[in-house]
Amino acid sequence: MVENRALHKMNPQTRFSNRAEDYAKYRPSYASEAIDCILEGIKEEDQLIAADIGAGTGISSRLLADRGMRVFAIEPNVTMRQVAEAHSLVEFRDGSAEATRLPDKSVDLITCFQAFHWFKFEPTLQEFARILKPTGKIALLWNDRDIEGNDQFTIEHNSAIVQAASKSPILSRLGGNSNLFINSLFPDVTHYLFPYQQALTKEALIGLALSASYIPKAGDQHKQLIDDLTKLHQKYSNAQDLVFLHYQTSLYLTKLASSNN
């Protein structure tokens with residue numbers, strides 16, 4: 001099995017440590033319709049358990065918990081766990097996709113929001129098979145900037161980000177068709193797309209960019225990006241001083257192969 005551009009070799013467990021505060025403050029949420037879709041057919045959410053793998057600062061974990069699910073937020077980065085906002089139904093645990101430390105057949109739902117591409121596929125799928133109940137399902141989600149749409153701000157914003165990250169090996173490896181590598185791992189996948197937009201002040205626009213591990217935090221490219229984002233905000237902000245970044249929330253729903261027999 002070929003790993004997805006070998007991102008797991010790029011120190012994913014610690015590379016966000018110096019970006020955790022920006023991550024917690026400025027990363028977008030996800031389309032509520034995507035959460036609806038994940039939970040469709042699941043009864044009595046308050047009696048079920050989810051494992052949110054690579055939970056970061058708990059943005060996705062809280063979305064599930066707000067629907068009544070008990071959530072184990074599995075996150076190996078201690079800094080990310082420390083800045084996470086508390087929720088009564090979310091329990092953060094030190095663990096990884098390959099070693100969650102959860103009991104066998106203990107969860108009804110496994111979710112990976114903006115994280116699955118960082119994992120080692122073979123041991124991760126073995127771990128998923130170990131912790132997931134036979135009737136459980138898996139949800140993989142990404143927010144992708146909607147550069148195929150007609151929102152000019154989003155298109156110009158994407159260009160500024162790509163230019164700033166031009167010397168990073170990460171951004172190019174994040175690209176590509178997710179359908180191809182997801183379908184190679186799971187025998188039965190349903191793919192959904194949901195529109196989503198994020199309202200951003202100038203501070204949030206800059207903070208969002210700096211939350212990405214492939215964006216330089218100093219130097220000429222950093223300075224150029226701040227200048228570009230400031231100009232974009234001035235050009236496109238509304239009367240409330242906000243700009244709106246357009247996304248497509250991409251959801252892949254599946255089960256393990258043994259669950260499809």
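In short, a report on the structure. Because the structure is a prediction, the values reported are computed rather than measured. (Residues numbered from 1 in each chain as written. Predicted model: local features only at pLDDT ≥ 70, side-chain atom pairs only at ≥ 80, totals over all residues. Heavy atoms only, no water.)

## Some details on helix α2 (residues 32-39)
Formally: Note on exposure labels: buried denotes an accessible area under 20% of the residue type's maximum, exposed denotes more than 50%, and partly exposed covers the range between, all computed with a 1.4 Å probe on protein chains only. Secondary structure elements are defined from DSSP: runs of H or I of at least 4 residues count as helices, runs of E of at least 2 residues count as strands, and each element is numbered from the N terminus. When checking whether two residues touch, look at their non-hydrogen atoms; a contact exists if any pair is within 4.5 Å.
Among the residues of α2, Ala 34, Ile 35, Cys 37, Ile 38 and Leu 39 are the ones counted as buried. If you follow the buried residues of α2, they end up packed against α3 (59-65), β4 (107-113), β5 (132-145), β6 (189-200) and β7 (243-254).

## Notes on the side chain of Asn 143
Threshold: Here a polar contact is taken to be a pair of N or O atoms separated by no more than 3.5 Å, where protein atoms must pair a possible hydrogen donor with a possible acceptor and residues adjacent in sequence count only if both atoms sit in side chains.
Inspection of the secondary structure assignment puts Asn 143 in strand β5. Among the polar contacts listed, one links the side chain of Asn 143 to the backbone oxygen of Ser 29, at a separation of 2.7 Å.

## Observations regarding the sheet that holds β4
Going by this rule: Note on pairing: two strands pair once DSSP finds at least 2 bridges between them. For every element, the axis is a line fit to its C-alpha atoms; helices are fit only across the contacting stretch, and the angle between N-to-C directions ranges from 0 to 180 degrees.
In spatial order, the strands read β3-β2-β1-β4-β5-β7-β6; together these 7 strands make up an open sheet with mixed pairing. This sheet does not close on itself; its edge strands, each paired only once, are β3 (90-93) and β6. Ignoring which end each strand starts from, the neighbouring axes of this sheet average 20 degrees apart. Pairing of β4 with β5 involves 6 bridges; the strand directions are parallel. Opposite Thr 111, over in β5, you have Ala 139 as the bridge partner.

## Here we look at the packing of helix α9 (residues 202-210) against helix α10 (residues 220-236)
Here is the rule: Here a crossing is called left-handed whenever its near helix is offset anticlockwise from the far helix by less than a right angle, and right-handed whenever the offset is clockwise. Gly falls in the polar group here, along with every residue not listed as nonpolar (Ala, Val, Leu, Ile, Met, Phe, Trp, Tyr, Cys, Pro) or charged (Asp, Glu, Lys, Arg).
Direction vectors running N to C along α9 and α10 enclose 145 degrees, while the axes themselves pass 10 Å from each other. In this structure, the crossing between α9 and α10 has a hand that is right-handed. Residue-level inspection shows Lys 202, Leu 205, Ile 206, Ala 209 and Leu 210 of α9 in contact with α10, the latter providing His 222, Leu 225, Ile 226, Leu 229, Thr 230 and His 233. Among the residues forming the contact of α9 with α10, the class breakdown is 7 nonpolar, 3 polar and 1 charged.

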